[in-house]
Amino acid sequence: MQLVHGEKGNLIKITSLNLDGVMRRRLLDLGFVKGATVEVVRKSPLGDPIAFRVSQTTIALRKEESSRIEGELVSNGE
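As the structure is a prediction and not an experimental result, all values here were calculated from the model.

Draft legend 1. Structural context of the sheet that holds strand β1 (residues 11–17). If you walk across this open sheet you meet the five strands as β4-β3-β2-β1-β5, and the pairing is antiparallel. Pairing within the sheet leaves two strands with one partner each, and these edge strands are β4 (57–61) and β5 (69–75). If you compare each strand with its neighbour and ignore which way they point, the axes differ by 40 degrees on average. The pairing of strand β3 (residues 50–54) with β4 spans five bridges and is antiparallel. Within the sheet, the bridge partner assigned to V54 lies in β4 and is T57. Contacting β1, β3, β4 and β5, helix α1 (residues 21–30) runs over the sheet at an angle of about 155 degrees to β4.

Shown next, in the form of structure tokens:
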């Protein structure tokens, strides 16, 4: 699943990043690496941006970025 499709409270384990250049480097530095678990913290009313927590850091990503990160659902937050 793409991170953009996650719902609040979901835990998603990253399987791939389909980004290049500066954005890829920035996200890797923040902890968005293969195997990391990301929590969906909050979605704005229109769904853009979405706040994620990874490695004790909360970051907001636009749909354009979060749709290029693939992962598998670990927990749906219930």
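Don't stop here, the text continues.
Draft legend 2. Focus on unusual backbone geometry. The residue S55 is not glycine, and still its phi comes out positive at about 50 degrees. Mapped onto the elements of the fold, S55 is located in the loop between β3 and β4. Non-glycine residue Q56 carries a positive phi angle of around 60 degrees. On the secondary structure map, Q56 appears in the loop between β3 and β4. Overall, the relative accessible area of 77% leaves Q56 in the exposed class.

Draft legend 3. Structural detail: the side chain of S66. Counting through the fold element by element, S66 comes out in helix α2 (residues 63–66). Under the relative-accessibility criterion, S66 is labelled buried at 0%. If we ignore the near neighbours within four places in the chain, the residues touching S66 are Q2, L3, V4, I50, F52 and L61.

Draft legend 4. A look at the pairing of β1. In this structure, β1 lies alongside strand β2 (residues 37–43), joined through three bridges in antiparallel fashion. Paired with I12 across the two strands is V38, which belongs to β2. As defined by bridge partners, β1 adjoins β5 across six bridges and the pair is classed as antiparallel. Counted as the bridge partner of S16 is E70 from β5.

Draft legend 5. Quick peek at the nonpolar core. Core analysis: the biggest nonpolar cluster contains 17 residues, and I14, L17, L27, F32, F52, L61 and I69 have the highest contact counts within it. Elements with a minimum of two residues in this core: β1, β2, β3 and β4. What L17 contacts, discounting residues up to four positions off in sequence, is R24, L27, L28, F32, V33, R68 and I69.

Rules and cut-offs
- Residues numbered from 1 in each chain as written.
- Predicted model: local features only at pLDDT ≥ 70, side-chain atom pairs only at ≥ 80, totals over all residues.
- Heavy atoms only, no water.
- Pairing = 2+ DSSP bridges.
- Helix = DSSP H or I, 4+ residues; strand = E, 2+ residues; numbered from the N terminus.
- Axes fitted to C-alpha atoms, helices over the stretch in contact; angles between N-to-C directions.
- Contact = heavy atoms within 4.5 Å.
- Buried < 20%, exposed > 50% of the residue type's maximum accessible area, 1.4 Å probe, protein only.
- Core = buried A, V, L, I, M, F, W, Y, C linked by side-chain atoms within 4.5 Å.

Fair warning: the whole summary comes from geometry, so function is off the table for now.
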